[in-house]
Amino acid sequence: MNDFDQLITDIEREARDEGPEAVAELQMFDSRFRLAAQLLAARRQARMTQKELALRSGVQQADISRIERGEVTPRVSTLDRLLMPLGRHLAVVEDRATPAA
Amino acid sequence: MTSPGKRRGLDGLERNWEIEFYETGDGRRPVLEWIKHDLTPTKRRALGSAMRRVLQVHGPAVARSSWGRHLGGGIFEFRLRMRGNEIVNVEAQVHKITVHQARRRFDLNPSEDALLRVFCAARGGTIIVLLHAYDKGEDPTAKRQQRAIAEARRRLKELEAGAAKPAPVTSGATSLDPCPYSTRLCA
């Protein structure tokens, strides 16, 4: 395990020691940032600007920007509208990594 | 926990970056220490998560998004903005206290955003070295930013010089100076 993986493990442990609210907070960050990274990747693969995606999805560009910065947790209906023009859909996937015990 | 080494993102991205910390000659890792000791738990969780989910996946390409920018000379900035009112709400919720109590206990100002800046360099196509970091929200001056970037550049130069020389230099003497004392003593 390298230093960065160790840091992530320490942060997860710190949250568990702090309590359920801290664990929920970390999960919220993880969920938002993972989504942000995946949406950014999908939009780039489709070679679309935020403005073009806004036009084609009907979601305001300011909202797309906030989602891609991980500042908000979007509704499922918003995500559906964003993903359709990108040729994607929401899916439930299995974690590759086993969660830290 | 994922195992170190090559990983493939679930989003189909082929590139996955290893994140490493710049280490000083005496074994200190300033960015790791800053994350562990200077940040509040909430900021630590936010930055750790952002680096794992965004920086580790996109690598230097974050510089072409709102997550960062190129600074020239092989250095790019990874940034995380957390709105002040959001931090106050989160702290209040986590500690089961009122927003007012959270503001007083953690000395938080809802109009003050945390602007976490991490200066990075890509090395060898698979590694990102975290050179330097600070919270621009705490000191938004241009002077502080210039100083931080200059320090990041100095550290990258030192890394590159170190990579060219296989033998580490003993402490006290610089690599350019074969004589650790005055020129007269070694002459």
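Not measured: the values here are computed from a predicted model. Starting from 1, residues in each chain are numbered consecutively following that chain's sequence as written. Chains carry letters and ligands carry numbers; both start at the beginning, A for chains and 1 for ligands, and go up in the order they are written. This being a predicted model, a pLDDT of at least 70 is required before a residue's local features are given, and a value of 80 or more before pairs of side-chain atoms are given or counted; all residues contribute to the totals for chains, interfaces and linings.

Asks: Would you take a moment to explain the overall build of chain B for this structure?
Replies: Of regular secondary structure, chain B possesses six helices and five strands. Helix and strand labels come from DSSP, where a helix needs a run of H or I of at least four residues and a strand needs a run of E of at least two; each type is numbered from the N terminus. Sequence-ordered secondary structure for chain B, helices as α and strands as β, is β-α-α-β-β-α-α-β-β-α-α. Any residue whose C-beta has 12 or fewer other C-beta atoms within 10 Å is treated as exposed, any with 20 or more as buried, and any in between as partly exposed, C-beta atoms being built from the backbone. Put simply, chain B has 187 residues, and 29% of those count as buried. Any two residues are considered in contact once their C-beta atoms, placed from the backbone, lie within 7 Å. Contacts in chain B between residues at least 24 apart in sequence constitute 50% of all its contacts with a sequence separation of at least 6.

Asks: Could you clarify how one ought to interpret the nonpolar core in this entry?
Replies: A general tendency of soluble globular proteins is for nonpolar side chains to be buried together. The biggest cluster of nonpolar side chains holds 57 residues, and the ones touching the most others in it are V54, C120, L130 and L131 of chain B. Leave out the neighbours within four places in its chain, and C120 of chain B touches F76, F78, I128, V129, L130 and L131 of chain B. For our purposes the nonpolar core covers buried Ala, Val, Leu, Ile, Met, Phe, Trp, Tyr and Cys residues that link as a set through C-beta atoms within 7 Å.

Asks: Help me understand the environment of H132 of chain B, please; the structure alone is not making it clear to me.
Replies: All names here are of chain B. The topology assignment puts H132 in strand β5 (residues 127-135). C-alpha of H132 to C-alpha of G74: the two residues are 58 residues apart in sequence and 14 Å apart in space. If near-sequence neighbours (up to four positions away) are discounted, H132 is found in contact with P30, V31, F119, A148, E151, A152 and R155.

Asks: What is the right way to look at the pairing of strand β4 (residues 114-123) of chain B in this model?
Replies: Along any regular strand the residues' side chains alternate between the sheet's two faces. Residue and element names in this part refer to chain B. In terms of burial, β4 is a largely internal element, seven of the ten residues being buried. Where β4 meets β5, eight bridges bridge the pair, whose relative direction is antiparallel. When the sheet's bridge partners are listed, A121 is paired in β5 with V129. Being paired, for any two strands, means DSSP has found at least two bridges between them. Hairpin connection between β4 and β5: a loop of three residues separates the two successive antiparallel strands, and G124 in this loop has a positive phi of roughly 65°.

Asks: I would appreciate a short explanation of the interface of chain B and chain A in the present structure.
Replies: Taken together, the contact pairs 30 residues of chain B with 33 residues of chain A. Sort the elements by how many residues they give to the side of chain B that touches chain A and helix α2 (residues 41-58) of chain B lands first, with 13 residues. Any residue that is not Ala, Val, Leu, Ile, Met, Phe, Trp, Tyr, Cys, Pro, Asp, Glu, Lys or Arg is counted as polar, Gly included; the first ten are nonpolar and the last four charged. Here the side of chain B that touches chain A is built from residues that sort into 15 nonpolar, eight polar and seven charged.

Asks: What is the right way to look at unusual backbone geometry in this model?
Replies: Trans peptide bonds make up the majority, and among non-glycine residues the majority have a negative phi. We note that R47 of chain A has phi near 50°; this positive angle belongs to a residue other than glycine. With respect to the helices, strands and loops of the structure, R47 of chain A is situated in the loop between α2 (20-45) and α3 (50-57).

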